[in-house]
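# Geometric and topological summary
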Amino acid sequence: MSKRHHTDETPPLTQTPAWKALQAHHQAVRGLHLRELFADDPTRGERFAAQACGFYLDYSKNRITTETIQLLIQLASACHLRERIEAMFTGQKINVTEQRAVLHTALRAPEGERILVDGKDVVPEVHAMLARMADFTRQVQGGQWRGHTGLPIRNIVNIGIGGSDLGPVMAYEALRHYSQRKLNLRFISNVDATDFAEATRGCRPEETLFIVCSKTFKTLETLTNARTARDWILREMGGERAISRHFVAVSTNAEGVAAFGIDARHMFGLWDWDGGRYSMDSAIGLSTMLAIGPEHFHAMLGGFRAMDQHFRSAPFEYNLPVLMGLLSIWYNNFFDAQTAAVLPYDQYLKRFPAYLQQLTMESNGKHVTLDGAEVDYQTGPVYWGEPGTNGQHSFYQLIHQGTRLIPCDFIGFCQPLNPMGRHHDLLMANLFAQTEALAFGKTRQEVLAEGTPAWLAPQRMFEGNRPTNTLLAQRLTPEALGSLVALYEHSVFTQGAIWQIDSFDQWGVELGKTLAERTIPELESVQEPALEHDSSTNALIRRYRQYRRQAGAS
Ligand SMILES: O=P(O)(O)OC[C@H]1O[C@H](O)[C@H](O)[C@@H](O)[C@@H]1O
C-alpha cells in the first residue's frame, strides 16, 4: 500500500506525465555522447547558453538535447514552479513545517517595495536595520567606537555556527579584495576550544569586539564560545561594564541576548522568515559590512536583487537558477548521480563549496514531501568541491576516469583581481581545458595514434561524456557575489519545488543535539554514570572517560 496521500494539486511526482516523459526520454538519450551532440550541431556551444546579472551560463556540455530542456520545463510547470516562486516572493508561509514565510528576498528588496507578512510590511524594518548596521560600521571603522579602556577596536571576532558562520566566512574570504583592511577579522564556530584559542591568538582583549551571531541564541556551540569570550574579556578588564563595549549580538532572541549581558542597543535583529542558511545578507552579515564597508555591502545586495528579479520574471528557458536546478534534477533523478561538484576557479571563493554544502544539503536533504509522504525518488545530492586548480591535482582523476557520474559546476572570472604575469590566463586555460576534457575525453584510436602501446591504452583512454556547467562573469565584485549566491539559492528552491519538499526547515539536526545534551553529563560526572545507550556508545563513553582520567593523572 502506498503511503501517499497527495492532493489533486500535487500528484505523486513520479506519476506525473512530465516525469514519465523524462524517464522515456532518458532511455532514448542516455547513450548519446557529447562528441556526437557537438558534431551534429556546430552552434550547440552558443545555443545552450543563457546570461543574466553579468553571468554567462554555458550548459552545452550537458547530456541534453533541446527536447530534454523542454521536458524539464514541462516538469517544472507540472510542479507549479511559477506559482511557488510567487508564493515565496509574496511572503506566503511556504515553510509549512514551521509555519513561516520564506523571505530572504526581502532582505535585498528596494526601499519602497511592499512585502507583507501577517499584514505588516517588512521592507522598512529591513532598511532600518541596514542603516543601523552602517552606522555601527562607521563608528567602529572610524575609531569612535572604543573598547572599555578607551582603545579603538582592531579585531572583530564573529562567533556563530552554521548559517551564522558559513555565509559570513565565505563572504569575508570572497570579498577580501574589497576589504578596507582597517580591521582584523576572525571567525569562531566550532565548540572545539582550538577554534577559540587560534582565532584569538595575538588579539588584545582591549582592542577586540565580539559579534555573537545566533538566530535563536540557544545554540550550544555559539553560547559556549560566547561565554568563553566573556571570560576572556572579563579576565583582562574585570567589571561587567566591559561587556557592553566588547560584545554585540545578532539574534531574534532579545531575552537571551539580555540574559547574556549584551545591551539591547547593541543587538541587531533578525526575523523568523529568514532561515540561517539564507541570512548572509541580513545583520548576520555584520562582519562582512565591517570588512568591506556599507557601500560595497549595498552593491552586494544589488547583485542579489538583480538575480531575484531575473528568477522571478525570466522565462524558464532563459532563467539561470531554473536551468541549473533542472539540470541538477536531470542527473540526480534520471542518471542516478549521487553527488555534484562545485569548482570555483578563483582563490577568493575557497569557502564557497563549504557554504554551498549547508545551503544545498540542509535545504534539500529531506525524505518526505510537504504533506508528509515518504518520497520514492532521490532528493538533494551531496555537494562538494575545492577551488581550481587545486582539485585537479587531487580528486579530478575520479571525475575523469572513475566509475561515477559527477556533474560539475565550473565558476570563473575573466578579469583577475590580482593581475600577475601569466597567472590568470593559466588559471582560466585550466578551467576551459577541464570542461573540454571531461566532455570529449580521448578515444582508444587517439591514444594509440600517440604511440601508446596497446596494453596501456585502456588506462590512458578517457571516456568523456562527463557533464559540466560553466559560469563565467567579468570580475568577482560584491555585486557578482550577491548574484552568484542568489543563483544557487534559487536553484536550490527550484529543486525543492520539483521534489515537493520543505527546503526551509532542518529537523534533521535535532536528534544529534538532543543526544549530545544527554551525553554531556555522562562525560562530565565525577561518579561513574549508569550508561543506558547501545553497547557501542556505552563502550566509547567508558573508554573516553578512562583516557580522560589517564590524561588528567599524567
Ligand atoms: O543561528 P543559530 O540559531 O545559532 O543557528 C545556527 C545553525 O544551527 C542549527 O542547528 C541549524 O542546523 C542551522 O540551520 C543554523 O544556521
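Residues numbered from 1 in each chain as written. Predicted model: local features only at pLDDT ≥ 70, side-chain atom pairs only at ≥ 80, totals over all residues. Heavy atoms only, no water.

## Observations regarding the overall build of the protein chain
The criterion, for reference: Numbering of helices and strands runs from the N terminus, with a helix taken as a DSSP run of H or I at least four residues long and a strand as a DSSP run of E at least two residues long. Computation of the radius of gyration draws on C-alpha atoms alone. For the globule rule, the value is 2.2 Å times the number of residues to the power 0.38. For each residue, the accessible area found with a 1.4 Å probe, counting protein chains only, is set against the maximum for its type, and the residue is called buried under 20%, exposed over 50%, and partly exposed in between. Per-residue and other accessible areas follow the Shrake-Rupley method at a 1.4 Å probe size, with only the shown protein chains counted as cover for residues. Two residue types count as positive, namely Lys and Arg, and two as negative, namely Asp and Glu; His and chain ends fall outside the count. One atom stands in for each charge, and that atom is NZ of Lys, CZ of Arg, CG of Asp or CD of Glu.
The helix and strand tally for the protein chain stands at 21 helices and 13 strands. For the protein chain, whose C-alpha radius of gyration is 25 Å, the value lies close to the compact-globule estimate of 24 Å for 554 residues. Along the first, second and third principal axes, the C-alpha atoms of the protein chain reach 75 × 65 × 60 Å. The 554 residues of the protein chain split such that 54% are buried. As displayed, the protein chain has an accessible area near 24800 Å², and 52% of this comes from carbon and sulfur atoms. One way to put it: in the protein chain the 54 positive side-chain charges average out to a point 5 Å from where the 60 negative ones average out.

## Considering the sheet that holds strand 13 (residues 468-473)
Selection criterion: What makes two strands pair is DSSP finding at least two bridges between them. As a rule, the C-alpha atoms of each element are fitted with a line to give its axis, helices using only the stretch in contact, and angles between N-to-C directions run from 0 to 180 degrees.
With respect to topology, six strands assemble into an open sheet ordered 1-2-13-12-10-11, the strand pairing being mixed. Looking along the sheet, the strands with just one partner apiece sit at the ends: strand 1 (49-52) and strand 11 (382-384). When strand polarity is set aside, the average angle formed by the axes of neighbouring strands in this sheet is 15 degrees. Here three bridges tie strand 10 (residues 339-345) to strand 11, and the two strands are oriented parallel to one another.

## Quick notes on the UniProt feature "active site" (unreviewed entry) in the protein chain
Condition: UniProt positions are given in the numbering used here, feature names are shortened, and annotations may be inferred rather than shown by experiment.
Here the UniProt feature "active site" (unreviewed entry) sits at Glu362, His393 and Lys513. Considering the C-alpha atoms alone, the annotated residues occupy 152 residues of sequence and remain spread out, their largest mutual distance being 37.1 Å. Mapped onto the elements, His393 comes out in the loop between strand 11 and helix 15 (396-401). With relative accessibility at 72%, the residue His393 sits in the exposed group. Within the secondary structure layout, Lys513 lies in helix 20 (residues 510-524).

## Structural notes on the domain arrangement of the protein chain
Where the parts come together, the accessible area they lose is often given as the size of the interface. Which entries qualify depends on this criterion: Boundaries of every domain are those given by an automatic assignment or by a domain database. Pairs of residues are marked as contacts when any of their non-hydrogen atoms sit within 4.5 Å. Buried area is calculated as the accessible area (1.4 Å probe) missing from two parts once they are joined, with the contributions of both summed. Criterion for a salt bridge: a side-chain nitrogen of Lys or Arg within 4 Å of a carboxyl oxygen of Asp or Glu. In the analysis that follows, any N or O atom pair within 3.5 Å is treated as a polar contact, provided that within protein one partner can donate a hydrogen and the other can accept it, and provided that, for residues neighboring in sequence, both atoms belong to side chains.
When its domains are assigned, the protein chain resolves into domain 1 (36-79 + 314-500), domain 2 (110-298) and domain 3 (510-552). In this structure, domain 1 and domain 2 have C-alpha centres spaced 34 Å apart. Domain 1 puts 22 residues into the contact, and the matching count from domain 2 is 17 residues. Of the roughly 1800 Å² buried between domain 1 and domain 2, counting both surfaces, carbon and sulfur atoms make up 64%. Looking only at domain 1, the three residues that lose the most surface to domain 2 are Tyr348, Tyr355 and Pro478, adding up to 33% of its buried area. The interface formed by domain 1 and domain 2 contains one salt bridge. Between Glu362 and Arg277 there is a salt bridge; the shortest N-O distance is 3.0 Å. Linking domain 1 with domain 2 are six residue pairs in polar contact (both at pLDDT 80 or more). Only helix 14 (352-364) and helix 19 (478-499) provide two or more residues apiece to the side of domain 1 that touches domain 2.

## Focus: the pattern of salt bridges
Counted according to the given criterion, the structure contains 23 salt bridges. Of the charged contacts in the structure, one is a salt bridge between Arg230 and Glu240, with a shortest N-O distance of 2.8 Å. Of this pair, Arg230 sits in helix 9 (residues 220-237) while Glu240 is found in the loop between helix 9 and helix 10 (241-246), placing the two residues ten residues apart along the sequence. For Arg230, a relative accessible area of 17% corresponds to the buried category. In this structure Glu240 comes out as partly exposed when scored by relative accessible area, which is 48%. Counted as one network, the salt bridges with shared partners bring together Arg108, Asp281, Asp308 and Glu489.

## Side note on the site of the ligand
The following threshold applies: Here a residue is near a molecule or strand as soon as one of its heavy atoms is found within 4 Å of it. The residue classification treats Ala, Val, Leu, Ile, Met, Phe, Trp, Tyr, Cys and Pro as nonpolar and Asp, Glu, Lys and Arg as charged. All others, Gly included, are polar.
The local shell around the ligand consists of Ile161, Gly162, Gly163, Ser164, Ser214, Lys215, Thr216, Thr219, Gln358, Glu362, Val509 and Lys513. Here an oxygen atom of the ligand sits 2.7 Å away from a polar atom, N or O, in the main chain of Lys215. Isolated, the ligand exposes 390 Å² of accessible area, and the fraction of that covered by the protein chains is 89%. Residues that form the shell around the ligand fall into these classes: two nonpolar, seven polar and three charged.

## What to know about the sheet that holds strand 6 (residues 184-188)
With parallel pairing, the five strands of this open sheet are ordered in space as 6-5-7-8-9. Unpaired on one side and paired on the other, strand 6 and strand 9 (267-269) mark the two borders of the sheet. Taken over all neighbouring pairs, the strand axes of this sheet differ in orientation by 20 degrees on average, direction set aside. The sheet contact formed by strand 8 (residues 247-251) and strand 9 spans three bridges and is parallel. Bridging from a neighbouring strand, Ala249 pairs with Met267 of strand 9. Packing of helix 6 (residues 123-141) onto the sheet brings it into contact with strand 5 (155-159), strand 7 (208-213), strand 8 and strand 9, and relative to strand 9 it is tilted by some 150 degrees.

## Comments concerning helix 8 (residues 193-200)
The cut-off we apply is this: What the arc covers is the set of directions going from the helix axis to the C-beta atoms.
Burial in helix 8 covers these residues: Phe196, Ala199 and Thr200. For helix 8, the angular spread of buried residues about the axis comes to 85 degrees, placing them on one side. Tucked inside the fold, the buried residues of helix 8 contact strand 6, strand 7 and helix 9. Capping the start of helix 8 is the job of one residue whose side-chain oxygen sits 2.9 Å from the backbone nitrogen of Thr194: Asp192. Just past helix 8, the residue Gly202 takes up positive phi, approximately 85 degrees.

## Re the pairing of strand 6
Bridge analysis of strand 5 against strand 6 gives five bridges, and the strand direction is parallel. Residue Ile156 lies in a different strand from strand 6, and its bridge partner there is Leu185.

## What about unusual backbone geometry?
The amide bond that connects Gly388 to the next residue, Thr389, takes the cis arrangement and shows omega of 5 degrees. Of note, Thr389 is situated in the loop between strand 11 and helix 15. Despite not being glycine, His80 has its phi angle at roughly 60 degrees, a positive value. Tracing the sequence through the fold places His80 in the loop between helix 4 (66-78) and helix 5 (81-89). A relative accessible area of 26% means that His80 is categorised as partly exposed. For Arg181, which is not a glycine, the phi torsion comes out positive at approximately 55 degrees. Checked against the element boundaries, Arg181 lands in the loop between helix 7 (166-174) and strand 6.

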